[in-house]
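The lines below spell out each chain.
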Protein chains: 2
Amino acid sequence: MQKDQLLERLDRLERQLYAYRYAMGLMEYDSETAAPLLSAAGRGEALALLSEVEYRLTAGPETAELLAALEQIAPALTVQQAAQLRELQKAYDRNSKVPQEEYTAYSRLLTLAQPAWRQAKQNDDFDAFAPYLRQIVETNIRFAGYYAPGRDPYDTWLDQYEPGMTRAQLDEFFEALRREIVPLVQRITAEGASIDDRWAVQGDWPLEGQKQLARRVMDRMGIDPARCALGETEHPFTTNFSRDDVRITTHYYPENLLSSLYSVIHEGGHALYELNTAPRLAGTCLATGASMGMHESQSRLYENLIGRSRAFADVLWQDITACFPAQTAGRTAEDFWKAANKAQPSLIRTEADELTYCLHIMVRYELEKQLFDRTLTVEELPAAWNARMEEYLGVKVPNNAQGVLQDVHWAGGSFGYFPSYALGSAYGAQILDAMRRQLDVDALTARGELAPITAWLTDRIYQYGAERTPAWLLENACGAPFDPTFYTRYLKEKFTALYGLG
Amino acid sequence: MQKDQLLERLDRLERQLYAYRYAMGLMEYDSETAAPLLSAAGRGEALALLSEVEYRLTAGPETAELLAALEQIAPALTVQQAAQLRELQKAYDRNSKVPQEEYTAYSRLLTLAQPAWRQAKQNDDFDAFAPYLRQIVETNIRFAGYYAPGRDPYDTWLDQYEPGMTRAQLDEFFEALRREIVPLVQRITAEGASIDDRWAVQGDWPLEGQKQLARRVMDRMGIDPARCALGETEHPFTTNFSRDDVRITTHYYPENLLSSLYSVIHEGGHALYELNTAPRLAGTCLATGASMGMHESQSRLYENLIGRSRAFADVLWQDITACFPAQTAGRTAEDFWKAANKAQPSLIRTEADELTYCLHIMVRYELEKQLFDRTLTVEELPAAWNARMEEYLGVKVPNNAQGVLQDVHWAGGSFGYFPSYALGSAYGAQILDAMRRQLDVDALTARGELAPITAWLTDRIYQYGAERTPAWLLENACGAPFDPTFYTRYLKEKFTALYGLG
């Protein structure tokens, strides 16, 4: 077949995948935002049919033939076309290498595992969930063997979420956290000044004001409401249908000023990434972020590195006092900054602060590795969890519901996914350091001028979407490969000062 | 092919159509409720691809073959299967009888006509829109010839929206309105008591209270929030994805109590129809209302015949005073009932009251008929519009923006659609009369017990979905064919009493 014909078929395939993924993504979004409770069965029917078509499009014989033909002319492809081929090949491999009946059995297992996990968590009954978890781990190890025979299975799963990432790199990363952050948390617990955040998280913050504040903050971030809508859901998230159609959500708690505020900044960071991919990528599988970790680097950069900085606290405080003149009387930007940064070891990952969050991830990383190595059994998991929580965070886990059963991820079959949460923060710190060498970030932040920051990130990262690998993007932005010490240094400096540890 | 195989293929086709229509319907719904402004282009890409597949499914050669084979075994089909075949055949005819290039040209014309109409309305410039309208009318006449060669083209279009309906029946219907309602409106204008509705429509009705009221009213109507969600849009509407997933929307105006309240009851009537189609129809093209007119009969029955009745006004007033204790002080249920029923000739259809609404439809019906007869040219349309408005409603049309250009329907190619709005009210009056012979509707309404009313309607109409024709359903519910005099009698009795015309 001629090159032109192949490229036309590639284009057609991309347009089909775009349409089906749009439809299925919208059904998921709608189910979280607007759909009534009992809509699930009817939506399930439609999703099943559309995903059947999408499966054929990604893994069918026509696509196999197209990808093979494109591979033949690979040297003649543009960088973008080659990246499209790479991503489509990856999806093909993921969908075609597992025997159909095993894939179906696994889908069924996950469908049963999720309510079983929910029930087990509710009853604090790990044993009821253990048989599911055992099967999920075994299946993941077996599937990894199909994807990459002979390769370390955990590396294979890491690579699914963070292309190119390996245990070797992560071991080094988490080793740095253990060495630097564990003692820092211990020092803060033992000798840190006390911070009052009750006024901010157990106050009276009417929803109308919180909604106004969210709008102001999105404006500050340069998020165009004509291209990005803000909705309300149980748990905040970001999704996107095109570069001109991004959706972020938040959850307003009437007693808590910080929760919704920082979730909007967090999801806003994800949104800025999606809103600024290059128009040339529109409609292709490249019109999205490069990886879980790279995406999380942007949400955390805005949420924590900028959003919780002392300079930006002054800016946010102006908005907060404008929206809540009565509630903020007698408080200062300094009080707000401290409340927003209070660090305290705790049991639940999703409620953890900027400093201790990465240690929650470390617990999960180490346990996942061991499960996949078979140096830890599912039976031994709760005890191992509790021991590590005590070692790294100094907290005693009172029960499995607040311990090993707290997250939905494992019940959903996601192993190798957690590390990207911590990696994101580390990428973010390294990227910010590089940015500081070219922009006066503190001065810009203090004036609330985020546009030059977003432009810098667009130029070096966002525009490329998923065309380039995370490693390439990091090198492109920072001029150096991934180095976790920027992150540990950042955390040490910030929290040593905040807690007056001199 | 064996019957079993054919039925399996029928089932497969229905499931496919269900999934694609679900996806496309959700995109439309999302575009009205949640999507950001600039999402249109990206959504358009996805819609184009999915509708291309849906077109092939409804009008492709495989479907043609399947429908022909099913027709061969028609006597062996169940009533439901025969109705599925009938509906699929109708969609096939609609999509396959027009030559593809004419269909494409018409789609392009409509795409251009809508913004042209919007602009023309804004500038009060009918001449700018006239060329589009001329082409649209001509195309509709030509297409009607493809659908049913030799048949009156306007009858063909009426049949698209209201299966079985003809000019002959509608002429009789509108003749009754002209004879009975036009003089009644004249009497009210000349000698009717004056009704004060300013407190209700130009007051201060905070949105929180209106939202609470909407929830209460949906509860009263027996609309399960787990199966029907209420959203906010510019213009209220109802859509459905399954019998367990119906969406209604409303628009809250802070100064107007009545607008949102009655739009919720109206859309709630549509919703009850969809929520009560039989489970056996789920996933087929029959799981929806029988026709535009039959659907409108249910929304108007709840909105006007029940919702604006004196008995139900007492019930609603309890809810209103509970939600707005301050705003309702010194007012009575009687005041509310009168305000909700104020009748006054006006220029704009969508703002018309229960009594004069049908006369707005009569104007459109007569003009559409003449355009299709070619007894009226597009050039003559504005003058003909203005003359009828004065004759039927006694109002002078000051400009075309508030006259012939007010509705989007013609710019969207909808001819023969308007009559279903008025027909719905007439069906509703006849159905209510039949119901009264078996249920003490006034007593139930006065106690706010709507469940037996909905059950009666479910038993006779809702459960059948689109399996039966509107005429069959009306006969089934009323034991007699359509008779417009129930409607004219109802209007005369109600408004003569309301306006003290003795």
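Before going into details, it helps to say that this report is about the structure given with it.

Conventions used here
- Residues numbered from 1 in each chain as written.
- Chains lettered and ligands numbered in written order.
- Predicted model: local features only at pLDDT ≥ 70, side-chain atom pairs only at ≥ 80, totals over all residues.
- Helix = DSSP H or I, 4+ residues; strand = E, 2+ residues; numbered from the N terminus.
- Pairing = 2+ DSSP bridges.
- Axes fitted to C-alpha atoms, helices over the stretch in contact; angles between N-to-C directions.
- Expected span 1.5 Å × (residues − 1).
- Buried ≥ 20, exposed ≤ 12 C-beta atoms within 10 Å, placed from the backbone.
- Arc of directions from axis to C-beta.
- Contact = placed C-beta atoms within 7 Å.
- Left-handed = near helix turned anticlockwise from the far one by under 90°.
- Nonpolar A, V, L, I, M, F, W, Y, C, P; charged D, E, K, R; others polar.

1. Comments concerning the environment of Q210(A)
Mapped onto the elements of the fold, Q210(A) is located in helix α10 (residues 207-220). Residues Q210(A) and F324(A), spaced 114 residues apart in sequence, show a C-alpha to C-alpha distance of 8.7 Å.

2. What to know about the sheet that holds strand β1 (residues 228-232) of chain A
Strand pairs in the sheet, formed through backbone hydrogen bonds, run parallel or antiparallel to each other. Residue and element names in this part refer to chain A. The strand order across the open sheet formed by 3 strands is β1-β3-β2, and the pairing between neighbours is mixed. Of all strands in the sheet, those with a lone pairing partner are β1 and β2 (238-242), marking the two edges. The average undirected angle you get between the axes of adjacent strands in this sheet is 20°. Where β2 meets strand β3 (residues 245-250), 4 bridges bridge the pair, whose relative direction is antiparallel. Looking at β3, one finds that S242 is bridged to D245.

3. Topic: the environment of Y147(B)
Secondary-structure assignment places Y147(B) in helix α6 (residues 126-147). Between the C-alpha atom of Y147(B) and that of N95(B), which follows or precedes it by 52 residues, the distance is 9.6 Å.

4. Some words on helix α3 (residues 61-72) of chain B
Residue and element names in this part refer to chain B. Over its 12 residues, α3 extends 17 Å from the first C-alpha to the last, a length consistent with the 16 Å expected when each residue adds 1.5 Å. Taken residue by residue, α3 has T63, L66, L67 and L70 as its buried positions. Across the axial projection of α3, the buried residues extend over an arc of 95°, all falling on one side. Opposite the buried face of α3, by more than 90 degrees, sit the exposed residues P61, E65, A68 and Q72. At its buried positions, α3 is contacted by α1 (3-33), α2 (40-59) and α4 (79-96).

5. Here's the deal with the packing of helix α15 (residues 354-373) of chain B against helix α16 (residues 381-393) of chain B
Packed helices, taken two at a time, are described by the angle between their axes plus the distance between the axes. All names here are of chain B. Contact pair α15 / α16: the axes reach a minimum separation of 10 Å and the direction vectors enclose 145°. Seen from above, α15 lies across α16 with right-handed handedness. Within the contact between the two elements, α15 uses T356, L359, M362, V363, E366 and L367 and α16 uses L381, A384, W385, R388, M389, Y392 and L393. Grouping the constituent residues of the contact of α15 with α16 by class yields 10 nonpolar, 1 polar and 2 charged.

6. Details of the sheet that holds strand β3 (residues 245-250) of chain B
Residue and element names in this part refer to chain B. Taken together, 3 strands build an open sheet; the order of strands is β1-β3-β2 and the sheet is mixed. Each end of this open sheet is capped by a strand with a single partner; those strands are β1 (228-232) and β2 (238-242). Strand-to-strand, the axes of this sheet are offset by a mean angle of 20°, without reference to chain direction. Contacting β1, β2 and β3, helix α11 (residues 257-275) runs over the sheet at an angle of about 165° to β3.

7. Some remarks on the interface of chain B and chain A
Between chain B and chain A, the residue contacts involve 33 residues of the former and 33 residues of the latter. Mapped onto the side of chain B that touches chain A, the elements with two or more residues apiece are α1, α2, β1 and β2 of chain B. For the side of chain B that touches chain A, the element with the most residues is α1(B), which contributes 10 residues. Residues belonging to the side of chain B that touches chain A are distributed by class as follows: 20 nonpolar, 7 polar and 6 charged.

8. Side note on unusual backbone geometry
All names here are of chain B. The backbone of D124 shows a phi angle near 50°, a positive value even though the residue is not glycine. Its place among the elements puts D124 in the loop between α5 (100-123) and α6. Judged by the 14 C-beta atoms lying within 10 Å of it, D124 is partly exposed. Its identity as a non-glycine residue notwithstanding, R374 has a phi of 60°, on the positive side. Mapped onto the elements, R374 comes out in the loop between α15 and α16.

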